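# Close look at the chain arrangement
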Amino acid sequence: MVDVPNRLRFPVATTLLFLLVMPTACTRGAHTEEDPGAGPAQGVTADTVLIGSSSALPGNASFLGRQLPQGSLACLKEVNASGGVSGRQIRLLALDDQYEPGPAAANTVRLIETERVFALFDYVGTPTARAALPAVNEARIPILGLFTGAEFLRTPFQPYVYNVRASYYDEAEA
């Protein structure tokens, strides 16, 4: 069994709950003219759910960009060893954005359009989240577990953003 630090348990547990419910209920990306509800969701196969991440892997913010997916992978390893989610193994594809908006936006498009991930996960930082948001909204793909408390992810309401961190305003009040 992998020991996951307590500070990571809530975000990862929330993500796993999301992954448990959504692949069976969601048919995004699988519609045909004959049957608009046909087939599994993008990024979901009989045995795998593919999720994608863009974060700073080298450079100044790498301590966050590497540790966030490492913590998630530790928890996902434990979940996968226990049979996965609904019998599916969770696979995380992490791309490097150097904590820069341009690469974050390009990675987001690649993850959605080329890699065909089910959901986006573990994005680090406000500028990279802002850069990813247009592709998220256009593709109508969920993004969760963002490591930022930025207000633009909450107001106006963002239907595809699943925040697991409190807003900066809430953190300052506390």
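What you see is a predicted model; the values in this text were computed from it and never measured. (Residues numbered from 1 in each chain as written. Predicted model: local features only at pLDDT ≥ 70, side-chain atom pairs only at ≥ 80, totals over all residues. Heavy atoms only, no water.)

### Points about unusual backbone geometry
- Looking along the chain, the bond that leaves T155 and enters P156 is cis, with omega of -5°.
- The backbone of Q98 shows a phi angle near 55°, a positive value even though the residue is not glycine.
- You can see Q98 is positioned in the loop between β2 (89-96) and α3 (101-114). (Helix = DSSP H or I, 4+ residues; strand = E, 2+ residues; numbered from the N terminus.)

### As for the side chain of T108
- Mapping T108 onto the fold places it in helix α3.
- Once you skip the residues sitting within four places of it in the chain, T108 turns out to touch L120, Y123, A132, A135 and V136. (Contact = heavy atoms within 4.5 Å.)

### Quick notes on the pairing of strand β1 (residues 48-55)
- By the criterion of burial, β1 is predominantly enclosed, with 7 of the 8 residues buried.
- Summarising the sheet, β1 and strand β3 (residues 119-121) pair through 2 bridges and their orientation is parallel. Within the sheet, the bridge partner assigned to G52 lies in β3 and is L120. (Buried < 20%, exposed > 50% of the residue type's maximum accessible area, 1.4 Å probe, protein only. Pairing = 2+ DSSP bridges.)

### Focus: the sheet that holds strand β5 (residues 161-162)
- Strand order across the open sheet formed by 5 strands is β2-β1-β3-β4-β5, with parallel pairing between neighbours. Of all strands in the sheet, those with a lone pairing partner are β2 and β5, marking the two edges.

### Details of the environment of R88
- Within the secondary structure, R88 is located in the loop between α2 (62-81) and β2.
- Each C-alpha atom, one on R88 and one on V49, is 6.3 Å from the other, the two residues being 39 residues apart in sequence.
- At 2.9 Å, the side chain of R88 and the backbone oxygen of T45 are in polar contact. (Polar contact = N/O pair within 3.5 Å; in protein donor to acceptor, adjacent residues only side chain to side chain.)

### A look at the confidence of the model for the chain
- Confidence in the prediction of the chain, expressed as mean pLDDT, is 80, and 72% of residues score 70 or more.
- Per-residue pLDDT, averaged within each element of the chain, yields its smallest value for helix α1 (residues 6-25) (52) and its largest for α3 (97).
- Considering only residues more than four positions removed or in separate chains, one finds that residues 23-33, a stretch of pLDDT under 50, has 28 contacts. (pLDDT = per-residue confidence, 0-100.)

### A look at the pattern of salt bridges
- Evaluated as defined, the whole model comprises 2 salt bridges.
- R110 is paired through a salt bridge with E115; the nearest N and O atoms lie 3.1 Å apart.
- Judged by its relative accessible area of 26%, E115 falls in the partly exposed class.
- Measuring nitrogen to oxygen at the nearest pair gives 2.7 Å for the salt bridge that ties E171 to R165.
- On the accessibility criterion, E171 (35% relative accessible area) is partly exposed.
- A residue is classified by how much of its surface remains accessible, and R165, at 25% relative accessible area, is partly exposed. (Salt bridge = Lys/Arg side-chain N within 4 Å of Asp/Glu carboxyl O.)

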